[in-house]
Amino acid sequence: LVPDKCTTVDRVNMAGVLREVVAADVHDVEEMARLTYEGRDWIMTAFAGWLDSKTNLTYGVEADGVLKAIEDVAVVDDGATAWLQALRVHPDLRRQGVARRLQLHVIDKVLREFPAIRQLRYTTGGWNTASLRLAASCGMDPTHEWGVLLFQDTGVSEPEPVAKVDGDAVKYRQISFVGYKEAILAEHSRMHRGTGETSDQVVEVATATDVDAISQLEGGVVAMPPAWIVDWKCVARTPATLDGVFAKGGWGCRQVRCSRGAGGFAYGITRADFKGKVRVATVGAQYIDGHNDLGYAAMLLLLSAEVQQAISDGADSLMFFYDKCFQDRLMQANLGTGKTCVLLERKIDAERVSATTP
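Residues numbered from 1 in each chain as written. Predicted model: local features only at pLDDT ≥ 70, side-chain atom pairs only at ≥ 80, totals over all residues. Heavy atoms only, no water.

Turning our eyes to something else, we now look at the pattern of salt bridges. Scanning the model with the defined rule gives 13 salt bridges in all. Asp231 is the partner of Arg271 in a salt bridge, and the nearest nitrogen-oxygen pair spans 2.7 Å. Of this pair, Arg271 sits in strand β13 (residues 263-272) while Asp231 is found in the loop between β10 (227-230) and β11 (233-236), placing the two residues 40 residues apart along the sequence. No difference in accessibility class separates Arg271 from Asp231, as the two residues are buried. The salt bridge partner of Glu345 is Lys347, with a shortest N-O separation of 3.4 Å. Taken together, the shared-partner salt bridges in this structure form one network comprising Arg254, Arg279, Glu306 and Asp313. (Salt bridge = Lys/Arg side-chain N within 4 Å of Asp/Glu carboxyl O. Helix = DSSP H or I, 4+ residues; strand = E, 2+ residues; numbered from the N terminus. Buried < 20%, exposed > 50% of the residue type's maximum accessible area, 1.4 Å probe, protein only.)

Approximately 1400 Å³ is the volume found for the largest pocket. Lining the largest pocket are 46 residues; nearest its centre among them are Tyr37, Leu87, Asn128, Ala130 and Ser131. Within the residue set of the lining of the largest pocket, elements represented by two or more residues are β5 (81-89), α3 (98-113), β6 (119-125) and α4 (129-137). Broken down by element, the residue count for the lining of the largest pocket peaks at seven residues, all from β5. (1 Å grid on protein atoms, 1.4 Å probe; cavity = no way out; pocket = protein on both sides within 12 Å on 5 of 7 lines; lining within 4 Å. Points joined across faces, edges and corners; volume = space filled by probe spheres on them.)

Moving on, we come to unusual backbone geometry. For Asp78, which is not glycine, the phi dihedral falls at a positive 55°. Counting through the fold element by element, Asp78 comes out in the loop between β4 (66-76) and β5. Note on Asp78: relative accessible area 86%, which makes it exposed. For Asn334, which is not a glycine, the phi torsion comes out positive at approximately 60°. One can find Asn334 in the loop between α9 (327-332) and β16 (340-347).

Looking now at the packing of aromatic side chains. For the structure shown, the criterion picks out ten aromatic pairs. On the basis of an interplanar angle of 85° and a centroid distance of 5.9 Å, the ring pair of Trp42 and Trp50 is categorised as edge-to-face. In terms of burial, Trp42 and Trp50 fall into one category: buried. Arranged with centres 6.1 Å apart and planes meeting at 90°, the rings of Trp228 and Phe265 form a pair that is edge-to-face. Residue Trp228 is located in strand β10, and its partner Phe265 is located in strand β13; the two are separated by 37 residues in the primary sequence. (Phe/Tyr/Trp six-rings, centres within 6.5 Å; stacked < 30°, edge-to-face > 60°.)

Turning our eyes to something else, we now look at the nonpolar core. Counting 30 residues, the largest nonpolar core has Val110 and Ile117 as its most contacted members. Looking at this core, the elements with two or more residues in it are β3 (56-63), β4, β5, α3, β6, α4 and β16. For this core, the element with the highest residue contribution is α3, accounting for seven residues. When neighbours within four sequence positions are excluded, Val110 is seen to be in contact with Leu57, Val73, Val75, Ala82 and Ile117. (Core = buried A, V, L, I, M, F, W, Y, C linked by side-chain atoms within 4.5 Å. Contact = heavy atoms within 4.5 Å.)

So, about the side chain of Thr282. Mapped onto the secondary structure, Thr282 falls in strand β14 (residues 277-285). By relative accessible area, Thr282 is classed as buried at 6%. Within the structure, the side chain of Thr282 is placed 2.8 Å from the backbone oxygen of Ile229, a separation counted as a polar contact. Non-local contacts of Thr282, meaning those with residues more than four positions away in its chain, are made with Ile229, Phe265, Ala266, Tyr267 and Phe321. (Polar contact = N/O pair within 3.5 Å; in protein donor to acceptor, adjacent residues only side chain to side chain.)

It is worth spelling out the side chain of Asp323 at this point. Relative to the helices and strands, Asp323 resides in strand β15 (residues 317-323). Buried charge without a partner: Asp323 forms no salt bridge, and the closest opposite charge is Arg237, 9.4 Å away. Looking at Asp323, its side chain comes within polar contact range of the main-chain nitrogen of Ala285, at 3.0 Å. (Lys, Arg positive; Asp, Glu negative; His and termini not counted.)

Below, the discussion takes up the pairing of β11. Where β10 and β11 come together, four bridges link them in antiparallel fashion. In the sheet register, Trp228 faces β11, and the bridge partner there is Val235. With antiparallel pairing between neighbouring strands as the criterion, β10 and β11 make up a hairpin whose turn holds two residues, including Asp231 at a positive phi of roughly 55°. (Pairing = 2+ DSSP bridges.)

This is the structure in structure tokens:
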């Protein structure tokens, strides 16, 4: 549905002017990034690309001559999905309804300009109660949830316990990557003794077709997601779509096969962050006949491989998404936190969009 409180005319009120974002706003956007996610915001690595793209719309709110809020929407999945991303509001304008005004405005604009859109989507942290309330106010519902690991390397080698549920702030837990990898492998060895597994094999080069094949095995990936999650974003759950992501360069994919049939996959990239480099990866595990231990063991081996990749690439932080069903077990082993990533979605009524689009 096109929000009835929005118009295509940019408006002015006490909280500023809604307008299109332009290249000259770059320094204002940099300032918002500096004040977000402890200075580790990613948006500056994507900002120029948004403005150059014909399938992105980027709007913001200007107050006193300065851009104080921004949000981008990307049209993906062959025009079927509007992906909302990078909603940022400067502290000066928070708690004034600016985020909701801006998001409704962006939704209205993209539905009018791209009438073939059939769903709105975005992801947010499960701890981000303000973002979840905003989604609900815009008619979006949670459809899937992943566990997420956010760690920053301390550079020491001793294993450290990391299990803790955070509050509303995004915080990269300080851990040793080397010690964390050792702790994961120790847990994997313990699981092997319990499952009777004799060997695991990690295939360093895999494809999107391999990932899809593992996810389709009998028993399947636990809690099958409706889309592939790729660096906080989601794309249509097809091998072709994931191949398109890998084709952009920098992405690697691996799979693991266990001796008793369970398997898993991981795909990831080491990229620039606002500060330093971050290893981003998605890990999925498959189980057979309800033998959750086998999938857990496969996931642990893939996690250790991704941590090693972060170390080899010189990344100083990591961000991993994984099947939430394993979250409690990771926390019990002092290997995980209670953080989650939530996919939010709203289906679009084709007849209503057609009737309200000029």
